[in-house]
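Given next are the chains, with one letter for each unit.
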Amino acid sequence: SIKNIFEVARECDRAIVFFDEFDAVGGRRSESEDYAKRIVNELLQQMDGMGKNDNILVLAATNEPWAIDPALRRPGRFKKLVFIPPPDLDARKAIFDIYMKKLPLEDDLDSGYLAEITNGLSGADISAICTDAAEIPLKEALDGKGQRKISKSDYDIAIGNRRSSIIPWIRMAVSQVKKSGEDDIFSELVKLGEVY
């Protein structure tokens, strides 16, 4: 239970309490079933006075921050809302570098080039592109065409077949934020919606 989680945290010298998919436990009470309202109320009770416990850090992640009960977003509970945007050019290059590190690549492959042509893609999209590109020469080898390294054209094919997983989310998110009337709170997301 929520109460048990916080009791264990309070017994520690230092603790981090992390909630993933926080909208599932901290959703708006006005839109929730009775059991979900009880969970939010318990969270509110446990988080009240957390400032006195400097040894506990409470973090939460969600893809739907507008769905979190506003009482949980007030000062004294979650102090800061941090928006993590899609990876920029440098981040995409770094992500490609990570996934390409152990792959047998042709010399002409450049992660900078791949980063430039993948604006609007997530880290998960880039991971999938690397997997898809690696499967092309593997499939050819299994079909008896001989072994070869992964080429730029394999990546071009993989990128051409991959659609962004985050652009549809951004469009839906902006729509939800506007519907909630909290454009000012989620202004970074609204501005991102103007780009995509």
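These figures come from a predicted structure and were not determined experimentally.

**Some words on the overall build of the protein chain**
Within the protein chain, the regular secondary structure consists of eight helices and two strands. Ordered by position from N to C terminus, the α and β elements of the protein chain give α-β-α-β-α-α-α-α-α-α. Expressed as lengths along the three principal axes of its C-alpha atoms, the size of the protein chain is roughly 65 × 40 × 30 Å. Out of the 196 residues in the protein chain, the part that is buried amounts to 37%.

**Let's talk about helix α7 (residues 167–180)**
An ideal rise of 1.5 Å per residue puts 20 Å on 14 residues; α7 measures up with 20 Å between its terminal C-alpha atoms. Taken residue by residue, α7 has I167, I170, A173, V174 and V177 as its buried positions. Seen end-on, α7 carries its buried residues on one side only, within an arc spanning 115°. In this structure, α7 carries R171 and K179 as exposed residues pointing more than 90 degrees from its buried face. Where α7 is buried, its residues meet α8 (187–195). Following α7 by one or two positions, G181 has its phi on the positive side, about 75°.

**Considering the pattern of salt bridges**
Evaluated as defined, the whole model comprises eight salt bridges. K139 is the partner of D143 in a salt bridge, and the nearest nitrogen-oxygen pair spans 3.2 Å. For K139, a relative accessible area of 53% gives the class exposed. D156 serves as the salt-bridge partner of K152, at 3.3 Å between the closest nitrogen and oxygen. Here K152 pairs with D156, and both are found in helix α6 (residues 152–160), just four residues apart, close to one helical turn. Accessibility expressed as a relative area gives 28% for K152, which makes it partly exposed. Among the charged side chains, a salt-bridge network with shared partners connects E140, R148 and D154.

**Remarks on the packing of aromatic side chains**
The tally for this structure, following the rule as stated, stands at five aromatic pairs. When the ring of F19 is compared with that of F22, the centres are 5.4 Å apart and the planes differ by 50°; the resulting orientation is tilted. Of the two residues, F19 and F22, both sit in the buried class. Among the aromatic side chains, those forming a connected cluster through ring pairs are F6, F19, F22 and F78.

Definitions and cut-offs
Residues numbered from 1 in each chain as written. Predicted model: local features only at pLDDT ≥ 70, side-chain atom pairs only at ≥ 80, totals over all residues. Heavy atoms only, no water. Helix = DSSP H or I, 4+ residues; strand = E, 2+ residues; numbered from the N terminus. Buried < 20%, exposed > 50% of the residue type's maximum accessible area, 1.4 Å probe, protein only. Expected span 1.5 Å × (residues − 1). Arc of directions from axis to C-beta. Contact = heavy atoms within 4.5 Å. Salt bridge = Lys/Arg side-chain N within 4 Å of Asp/Glu carboxyl O. Phe/Tyr/Trp six-rings, centres within 6.5 Å; stacked < 30°, edge-to-face > 60°.

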